[in-house]
Amino acid sequence: MESSSPQTLPLWTRPLAAVGRRAIRWVNHLGAVAIFFILATLKVVHPKQLAKIAYQIYEIGARSVPIILLVGLFTGMVLGLQTYHALVTVGAQGALGTLVALSLVRELGPVLTAIMITARAGSAITAEIGIQRISEQIDALDTMRIDPLRFLVSPRIVAAVISFPILTALFDLIGILGGYFSGVVLMGANAGAYIHRVQTSMELKDITDGFIKAGVFAVIVTAVCCYQGYFAHMREDSRGAKAVGLSTTAAVVISCVLILVADYIVTSLLI
Amino acid sequence: MNAPLIEFQDVTKSFGTKTVLDRVNLQINAGEVTTIIGLSGSGKSVLLKHIIGLLKPDSGRILFQGQPLEEITTGERKTGLARISYMFQDNALFDSLSVYDNIALPLRETTNLSRSEISRRVRARVEQMELADAVNKYPSELSGGMQKRAALARALVTDPRIVLFDEPTSGQDPIRKNAILGMIAQYQRQIGFTAILVSHEIPDVYFISNRILALYDRSVVFQGTPAELEDFDHPFLDDIIRSLEELRRELTDPYARSRFAMAHRELEKRRTGQDARGLPGENQHG
């Protein structure tokens with residue numbers, strides 16, 4: 001069969017071919033990220049991993065607490081404010097607690113937490129591993145018989161899978177408090193009704209579904225961010241420090257896009 | 001007759017369109033200090049990275065104790081690698097770890113030694129490398145020479161049987177340079193390890209080397225003892241000797257020295273004249 005190079009294609013099909021090539025490259029990358037993740041996960045169990053996992057829980061989890069609290073508080077406050085005004089117009093302000101709690105626990109909590117951790121910890125992971133790659137530190141691990149995937153990637157995966165749900169729970173909690181503050185304290189909604197609706201509207205499934213999403217996002221963020229840093233030296237468009245910078249940007253953008261795509265898929269499976 | 005420890009058979013390596021190694025054949029014997037010399041960019045570090053397995057040849061074979069590397073099982077490879085240590089040209093120290101943690105890293109991650117034993121071994125290397133004041137510092141807080149010594153300490157802390165040194169003395173003052181070369185020679189005599197050096201320090205490295213390999217124009221053009229190298233007739237040696245002679249002439253030649261003295265006098269004269277006139281800024285304001 002005759003194959004056509006981009007130059008021999010009819011002019012009008014060239015944009016389509018370019019989109020197709022890009023799509024194939026994307027699928028290739030996703031496959032590579034999946035293999036990378038599986039290989040790193042297989043190396044999680046090792047006697048020397050515990051201290052490294054604990055340190056990464058501190059880096060990814062504990063150090064993200066302030067930003068999660070801040071974003072969670074204001075998200076809840078805005079949600080309380082907007083929802084209250086909308087409910088007043090239909091005379092259903094009693095449902096404020098239900099709307100705030102369910103929006104946060106089912107959707108906003110896991111998604112915004114994951115995006116915030118991507119921005120704070122995910123970018124740092126890519127930059128750190130990328131610099132270690134271009135300065136031959138990862139090669140040095142190889143020469144010392146230290147598996148770089150076990151040493152650098154596996155602890156981060158475990159730490160993220162532990163940290164994401166906990167931070168999501170924290171986000172939900174502070175968000176509900178933020179909704180209380182804006183809806184009840186500032187706008188004058190009934191405090192008892194708010195708390196009662198929060199308690200009665202949520203089921204255990206809502207919370208576990210939120211945690212499942214958080215776990216899925218943890219896997220996506222660490223796999224993408226570690227992969228981008230680990231292969232920063234393989235970029236075709238740049239070298240050295242610039243490659244690390246571009247890889248960091250790519251890690252954040254790809255992670256955020258995949259979080260939203262995965263959110264839809266997981267929601268449709270769980271609902 | 002025993003097989004050489006490492007043997008390259010027609011090894012070729014290219015990066016894109018640039019061929020760095022072209023059908024390289026060489027042998028490295030166990031228990032010797034072998035130095036690879038060559039001009040900058042001649043592929044010395046690339047050759048070293050093939051030995052440790054960081055790079056794979058495009059064609060040709062690398063044999064480890066007579067066995068092709070690709071046929072060695074993972075277990076055998078691990079056992080073999082356990083005996084090899086590599087010191088990178090740019091040190092490759094972990095910049096987020098202190099000097100102590102950098103040196104202790106291979107012991108912590110690949111052995112089951114107790115914390116006190118690791119500390120004892122690390123302290124011993126630290127003393128040896130005169131790094132006692134730097135143990136708690138990060139690599140970025142050290143001079144280039146100290147970083148080099150920290151990398152050397154890390155390479156030797158596991159008591160390896162084969163050590164690959166990529167420019168171990170670059171950036172060192174003459175006293176420390178001699179100390180490092182002396183230490184490599186002393187270790188070799190005491191433990192009988194195999195040292196493979198890449199170095200520019202010609203002819204200093206000749207004193208500790210049993211064998212010299214010369215890389216020139218993408219292939220090995222000489223393998224033999226330092227004494228044999230003196231009788232070697234090749235454009236490579238002409239280049240090396242010429243560059244050394246030029247450097248010596250630049251530093252010691254009476255004409256070069258007189259030129260330096262003239263330039264110095266000229267500078268002094270200009271400075272004195274400027275002082276007599278006062279500084280330009282002062283003239284403007286005065």
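The model shown is predicted, which means the values in this text are computed figures rather than measured ones. Each chain has its residues counted from 1, running along the sequence as written. Throughout, the order in which chains and ligands are written sets their labels, letters from A for the former and numbers from 1 for the latter. pLDDT decides what is reported in this predicted model: residues at 70 or higher carry local features, side-chain atom pairs at 80 or more are listed and counted, and totals for whole chains, interfaces and linings draw on all residues regardless. The basis for every side-chain value is the complete set of heavy atoms in the structure, and neither hydrogens nor water enter the calculation.

Caption draft 1: Local environment of the overall build of chain B. Helix numbering and strand numbering both begin at the N terminus, where a helix is a DSSP run of H or I of at least 4 residues and a strand a DSSP run of E of at least 2. Counting secondary structure elements, chain B contains 10 helices and 10 strands. Throughout this description, buried means an accessible area under 20% of the type-specific maximum (1.4 Å probe, protein chains only), exposed means over 50%, and partly exposed covers the range between. Taking all 286 residues of chain B together, 44% fall into the buried category. Any two residues having at least one pair of non-hydrogen atoms within 4.5 Å are treated as being in contact. Contacts in chain B between residues far apart in sequence, at least 24 positions, make up 65% of those at least 6 positions apart. Residue exposure ignores everything except the shown protein chains as possible cover, and the areas themselves are Shrake-Rupley values with a 1.4 Å probe. Accessible area for chain B stands at about 15300 Å²; split by element, carbon and sulfur atoms hold 49% of it.

Caption draft 2: Up close: the overall build of chain A. From N to C terminus, chain A includes 9 helices and 0 strands. Listing the helices and strands of chain A from first to last along the sequence gives α-α-α-α-α-α-α-α-α. Burial analysis of chain A (271 residues in total) assigns 46% to the buried set. Contacts in chain A between residues at least 24 apart in sequence constitute 83% of all its contacts with a sequence separation of at least 6. As displayed, chain A has an accessible area near 13600 Å², and 71% of this comes from carbon and sulfur atoms.

Caption draft 3: Region of interest: the sheet that holds strand S1 (residues 6-15) of chain B. Residue and element names in this part refer to chain B. Strand order across the open sheet formed by 4 strands is S2-S1-S4-S5, with antiparallel pairing between neighbours. The outermost strands of the open sheet, each flanked by one partner alone, are strand S2 (18-28) and strand S5 (67-68). Alignment of S1 against strand S4 (residues 59-64), held across 5 bridges, turns out to be antiparallel. Across the sheet, residue Phe8 finds its bridge partner in S4, namely Ile62. Comment: axis = line fitted to C-alpha atoms, over the contacting stretch for helices; angle = value between 0 and 180 degrees taken between N-to-C directions. Where helix H1 (residues 44-52) meets the sheet, its contacts fall on S1, S2 and S4, and the angle it forms with S1 comes to roughly 120°. Here the rule is simple: two strands pair whenever DSSP picks up at least two bridges between them.

Caption draft 4: Spatial organisation of the interface of chain B and chain A. Facing 23 residues of chain B, the contacting portion of chain A comprises 17 residues. What gets called buried area is simply the loss in accessible area from a 1.4 Å probe that two parts show on being joined, summed for both. Summing the contributions of chain B and of chain A, the shared interface buries around 1700 Å²; its carbon and sulfur component is 59%. On the chain B side of the interface with chain A, the three residues burying the most area are Phe94, Glu109 and Thr110 of chain B, jointly 34% of the side's total. Just to be clear on terms, a salt bridge is a Lys or Arg side-chain nitrogen sitting within 4 Å of an Asp or Glu carboxyl oxygen. The interface formed by chain B and chain A includes 3 salt bridges. The salt bridge partner of Lys49 of chain B is Glu136 of chain A, with a shortest N-O separation of 2.5 Å. For this analysis, a polar contact is any N or O atom pair within 3.5 Å, provided that within protein one partner can donate a hydrogen and the other can accept it, and provided that sequence-adjacent residues contribute only side-chain to side-chain pairs. Here chain B and chain A share 6 residue pairs in polar contact (both at pLDDT 80 or more) between them. Mapped by element, the contributors of at least two residues to the side of chain B that touches chain A are H1, helix H2 (74-82), strand S6 (84-87) and helix H3 (99-110) of chain B.

Caption draft 5: Geometry of the pairing of strand S9 (residues 211-216) of chain B. All names here are of chain B. In terms of burial, S9 is largely enclosed, as 5 of its 6 residues are buried. Pairing of strand S3 (residues 33-38) with S9, which is carried by 5 bridges, proceeds in the parallel orientation. Considered in S9, the bridge of Thr34 is made with Arg211. Alignment of S9 against strand S10 (residues 219-224), held across 5 bridges, turns out to be antiparallel. The partner of Leu215 across the bridge, within S10, is Val220. Two successive antiparallel strands, S9 and S10, enclose a turn made up of 2 residues, where Asp217 displays a positive phi of approximately 50°.

Caption draft 6: Structural detail: the pattern of salt bridges. Residues and elements named next belong to chain B. The tally for this structure, following the rule as stated, stands at 19 salt bridges over all chains. For the salt bridge of Glu117 with Arg120, the shortest nitrogen-to-oxygen distance reads 2.8 Å. Of the two residues, Glu117 and Arg120 are both situated in helix H4 (residues 115-128); the distance of 3 residues between them amounts to about one turn of the helix.

Caption draft 7: Fine view of the packing of aromatic side chains. Residues and elements named next belong to chain A. The rule is short: rings of Phe, Tyr and Trp, with Trp giving its six-membered ring, pair when the centres are within 6.5 Å, and they are stacked under 30 degrees, edge-to-face over 60, tilted in between. Under the criterion given, the structure shown has 9 aromatic pairs over all chains. When the centroid spacing of 5.0 Å and the interplanar angle of 55° are considered together, the rings of Tyr227 and Phe231 count as tilted. Judged by its relative accessible area of 10%, Tyr227 is buried. Taking relative accessible area as the criterion, Phe231 reaches 28% and is therefore assigned partly exposed. Each ring, one from Tyr230 and one from Phe231, has its centre 5.1 Å from the other, and the planes form 75°; the classification is edge-to-face. Through a chain of ring-to-ring contacts, the aromatic side chains of Phe36, Tyr227, Tyr230 and Phe231 assemble into a single cluster. Think of it as a cone above the ring: NZ of Lys or CZ of Arg counts as a charge over the ring if it is within 6 Å of the ring centre and within 35 degrees of the ring normal. Taking the ring centre of Tyr230 as reference, the NZ or CZ of Arg133 above it sits at 4.7 Å.

Don't take any of this as a statement about function, it's just geometry.
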